[in-house]
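Letter by letter, the chains look like this.
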Amino acid sequence: RARRGDRARDAPTFALRSAMDRVLQYNFGYLPPRAGLASDLPLSHLAAEILGPRSKKMKTAAGADARNGAGQKAALERRCVNYVRVLSAEMVQAANSGHPGAPMGCAPMAHVLWSGVMSYDPADPEWINRDRFVLSNGHACALLYSMLHLTGYGVSIDDLKQFRQLDSITPGHPENGVTPGVEVSTGPLGQGISNGVGLAMAQAHLGATFNREGFSLIDNFTYVICGDGCMQEGISSEACSLAGHLQLGRLIVLYDDNKIQIDGATSLAFSEDVGKRYEAYGWQVITVHDGDNSLESLRIAIERAQSDLYRPTLLRISTTIGFGSAKQGTAGVHGAPLGHADLATLKSSFGFDEAQFFAVPSDVQAAYRAAGAAGTAKHASWKALLGEYAAAHPALAAEFERRRAGELPAGWREALASLEWDKPLATRQSSQLVLNKLCEVVPELVGGSADLTPSNLTKFKGAADFQAASPEGRYIRFGVREHAMAALCNGMHAYGMLRPFCATFLNFFGYAAGAVRVSALSHFGVLYIATHDSIGLGEDGPTHQPVEALVNLRATPNLLTLRPADANEVVGAYMVAMERPKTPAVIALSRQGCANLAGSRAEAVARGAYVLRQAAGGPPQLVLVGTGSEVQTLEQAVPLLEGVRVQLVSMPCCELFDSQPREYKHEVLPPGVPVLAMEALAAEGWCKYAHSVIGMRSFGCSAPAKEVQKRFGFTADNAALRARELLRHYANKPAPDLLDRPDN
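Given the structure is predicted, the values throughout are model-derived calculations rather than measurements.

## Focus: the overall build of the protein
Looking only at helices and strands, the protein has 26 helices and 20 strands in total. What you see for the protein is a C-alpha radius of gyration of 30 Å, in line with the 27 Å of a compact globule of 744 residues. Among the 744 residues that make up the protein, the fraction classed as buried is 58%. Within the protein, counting contacts between residues at least 6 apart in sequence, those at least 24 apart form 77% of the total. Of the roughly 28,900 Å² of accessible surface on the protein, a fraction of 52% belongs to carbon and sulfur atoms. Placing the 70 positive and 73 negative side-chain charges of the protein at their respective mean positions leaves the two points 3 Å apart.

Structure (structure tokens):
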């Protein structure tokens, strides 16, 4: 007994259609309207009307009724599509801001998906086995908000009226966590389609992990609508190349091929054959020539996509941007309201009252609410299946529910605390041991490296590769695709039940910066492992040595940047990251060895900075503060400062330190005491804490690590020299309290 909810997803759907239908529909579409015939009927049906049966006496009243019913349904569907076009244009007009063209062109796609193809539950947008929908061309969000309202999500007509207004749930581009039913934040082109690949990867992995014979708990599809801009962004090429390699057959992308972008025709800058490119990636490519009118062509193309579970599918759909507007087919309808006159004409031409605004016709509302109710019924069937699954597989069901609830396994912190360190290690090496232990006790951790596994040290013991033949594997070979790697992790995190991590050199997170920013904006707690974290990587030189990287990361809201100084702090960094599922974290790790520091504590990392060594003999006269591998250098400088009472501070995370009470911050950085900071990256940013900084003010150079460090002053001798200069500067005056600010 194969239980698959309300649809047999794996079975070809074409068995329900005649052979003539398949051939004619795929190749020629539909006949133009003829008197007495509905244009949305299949060609084989129309041919039967024309060619036979030969005796008109055989035509029955029932056949006429069927034709009339089909015609009425087709008319209602056209009315639904056209109202979606109108409603989207009204939202943009009311806001006097936005993008009406793409929603009007993509309305048929959205209608087909939301009216019968997708499984979703407006009453519970978080249903884990819902089909995922991503609007990658996020500027078309008026389309998405229209569909969410019409199908019964918690988006009211008043919310649509507040499109792009302060504190509304209908912002200018989709934001997950703001609008119910929005899966991921899109707008930066290419991010959404890449998130879609991550969502499909999550489905494949979780399906392989939890599905059992007769119980397909996780078998949803991921649908993405994207435009020409997404196809032009390099990140989509990275992500879709990997999707083809992994044979993600439950990923279906609807490409809005309208041949218009902001500057004008896409031919100004874009002349490649997108279909051939995707075929080369290993995708199935299907062309729909009339995406403006032929809903049945869209349905058949989607059915064909669903039937091939060994290849992702690109539906190349020809549409007209701004369909129905006087400016249709031009760049003029891309990013500006239609104008009241054009909008009125549009409404009239589609059969709606031009004087009414945001007035959903009752028949349109009923049709879409019925689709939403059907999705709620599918969810109910799935819940019944889950109950049977729990009876048959209680241990798996318990693990399934733990992950759904977002709870970490019992004892995970204790497992990390049990680690012991008997020799100095590069922090990337201690990270490897911590990650091994963490992955042993937290099975939802999945991830990998951008072709730097031997350097990042991210392959954990017993990890099988996630490949097309082994989607249950937890180690992902992202290839040299840093930008897509981060976006795929966003998609996996958005799916739920997984905690993704990924790794590359800290310098190459510059490639991934756009997606890392989206992680922070979206509250996706992705773990970013960034090795070779300073000029201390040495011989590879300035092309690989990060200088400005931490400044950029630390400036990003809702992103933690952790640079641990030794193995204990590495443990603490992972603890901090794991305990914050809504905040991504970058853990910056050294190539060179780091001593195990006396006084370092894993639990202290959560405070951002802490006193590693108190001043001996009285209150401190000087504070030395650093991060990462430079803390050991400062520790070596303390004995060189004979006669000076020195307080040594480790600051693994500036953002966490900034969030502490002022009283605690003054314990770490006492008022009136000069502070010298050292970090083998950009000096910028340290002026918040230190009166003098040993940092980088140029790019690095290629040489062995110790020679590079000496060249730029990252030595104990130079730290002692600069410390005495600082003390002389403040010999006759107190050092200013840099924390004494009204905003601190």
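## Some remarks on the sheet that holds strand 20 (residues 692-696)
Spatial ordering of the open sheet is given by 16-18-17-19-20, a layout of 5 strands whose pairing is mixed. With one partner strand each, in any of the chains shown, strand 16 (610-613) and strand 20 form the two edges of the open sheet. Direction aside, neighbouring strands of the sheet carry axes that sit 25 degrees apart on average.

## Considering the environment of Glu 233
Take Glu 233: it is sitting in the loop between helix 8 (228-232) and helix 9 (234-245). Residues Glu 233 and Leu 189 lie 44 residues apart in sequence; the distance between their C-alpha atoms is 6.7 Å. When neighbours within four sequence positions are excluded, Glu 233 is seen to be in contact with Leu 189 and Gly 190.

## Comments concerning the packing of aromatic side chains
Two aromatic rings, taken as a pair, are described by how far apart their centres are and by the angle between their planes. Under the defined criterion, the tally for this structure stands at 20 aromatic pairs. An angle of 70 degrees between the planes, with centres 5.1 Å apart, marks the rings of Tyr 278 and Tyr 281 as edge-to-face. Of this pair, Tyr 278 and Tyr 281 are both found in helix 10 (residues 274-281), 3 residues apart, which corresponds to roughly one turn of the helix. You can call Tyr 278 buried: its relative accessible area is 0%. When the centroid spacing of 6.5 Å and the interplanar angle of 75 degrees are considered together, the rings of Phe 460 and Tyr 475 count as edge-to-face. With Phe 460 in the loop between helix 17 (453-456) and strand 10 (475-477) and Tyr 475 in strand 10, the pair connects residues that are 15 residues apart, well separated along the chain. Joined through ring pairs, the aromatic side chains of Trp 114, Tyr 120, Phe 133 and Tyr 153 make up one cluster. Taking the ring centre of Trp 412 as reference, the NZ or CZ of Arg 413 above it sits at 5.9 Å.

## As for the side chain of Ser 431
Examined against the element boundaries, Ser 431 turns out to sit in helix 16 (residues 427-441). The buried category is assigned to Ser 431, whose relative accessible area is 1%. When neighbours within four sequence positions are excluded, Ser 431 is seen to be in contact with Ile 529, Val 570, Tyr 574 and Leu 589.

## Side note on the packing of helix 9 against helix 10
It is the contact of helix 9 with helix 10, at a shortest axis distance of 8 Å, that shows an interaxial angle of 45 degrees. Considering the angle they form, helix 9 stands oblique to helix 10. From helix 9, Ser 236, Ser 237, Cys 240, Ser 241, Gly 244 and His 245 reach across to helix 10, where they touch Arg 277, Tyr 278 and Tyr 281. When the residues that make up the contact of helix 9 with helix 10 are grouped by side-chain class, the tally is 3 nonpolar, 5 polar and 1 charged.

## A word on the pattern of salt bridges
By the definition in use, this model includes 29 salt bridges. With a closest N to O distance of 3.5 Å, Glu 296 and Arg 299 form a salt bridge. With Glu 296 and Arg 299 both in helix 11 (residues 295-307) and 3 residues apart, this pair spans about one turn of that helix. In this structure, Glu 296 and Arg 299 share a single accessibility class: buried. Between Glu 630 and Arg 563 there is a salt bridge, with its nearest N and O atoms 2.5 Å apart. Linking Glu 630 in helix 22 (residues 630-637) with Arg 563 in the loop between strand 13 (560-562) and helix 21 (567-578), this pair joins segments that are 67 residues apart in sequence. The two residues Glu 630 and Arg 563 agree in class, both being buried.

## Brief notes about the side chain of Asn 176
Position of Asn 176 among the secondary structure elements: in the loop between helix 6 (157-161) and helix 7 (191-210). Residue classification places Asn 176 among the buried residues on the basis of a relative accessible area of 12%. In this structure the side chain of Asn 176 is engaged in a polar contact, spanning 2.7 Å, whose partner is the side chain of Ser 185. A distance of 3.0 Å separates a polar side-chain atom of Asn 176 from the backbone oxygen of Ser 522. Sequence-distant contacts of Asn 176, defined by excluding residues within four places in its chain, comprise Val 182, Glu 183, Val 184, Ser 185, Ser 522 and Phe 524.

## Quick notes on the pairing of strand 2 (residues 222-226)
Of all 5 residues making up strand 2, 5 are buried, and the element is well covered by its neighbours. Neither face of strand 2 is exposed, since Thr 222, Val 224 and Cys 226 on one face and Tyr 223 and Ile 225 on the opposite face are all buried. Here strand 2 pairs with strand 3 (residues 251-257) via 5 bridges, running parallel. Its bridge partner being in strand 3, Ile 225 is matched across the sheet by Leu 254.

Procedures and definitions
Residues numbered from 1 in each chain as written. Predicted model: local features only at pLDDT ≥ 70, side-chain atom pairs only at ≥ 80, totals over all residues. Heavy atoms only, no water. Helix = DSSP H or I, 4+ residues; strand = E, 2+ residues; numbered from the N terminus. Rg over C-alpha atoms; globule rule 2.2 N^0.38 Å. Buried < 20%, exposed > 50% of the residue type's maximum accessible area, 1.4 Å probe, protein only. Contact = heavy atoms within 4.5 Å. Areas by Shrake-Rupley, 256 points an atom, 1.4 Å probe, with all protein chains shown as cover. Lys, Arg positive; Asp, Glu negative; His and termini not counted. Charge placed at Lys NZ, Arg CZ, Asp CG, Glu CD. Pairing = 2+ DSSP bridges. Axes fitted to C-alpha atoms, helices over the stretch in contact; angles between N-to-C directions. Phe/Tyr/Trp six-rings, centres within 6.5 Å; stacked < 30°, edge-to-face > 60°. Lys NZ or Arg CZ within 6 Å of the ring centre and 35° of its normal. Parallel < 35°, antiparallel > 145°, perpendicular 65-115°, else oblique. Nonpolar A, V, L, I, M, F, W, Y, C, P; charged D, E, K, R; others polar. Salt bridge = Lys/Arg side-chain N within 4 Å of Asp/Glu carboxyl O. Polar contact = N/O pair within 3.5 Å; in protein donor to acceptor, adjacent residues only side chain to side chain.

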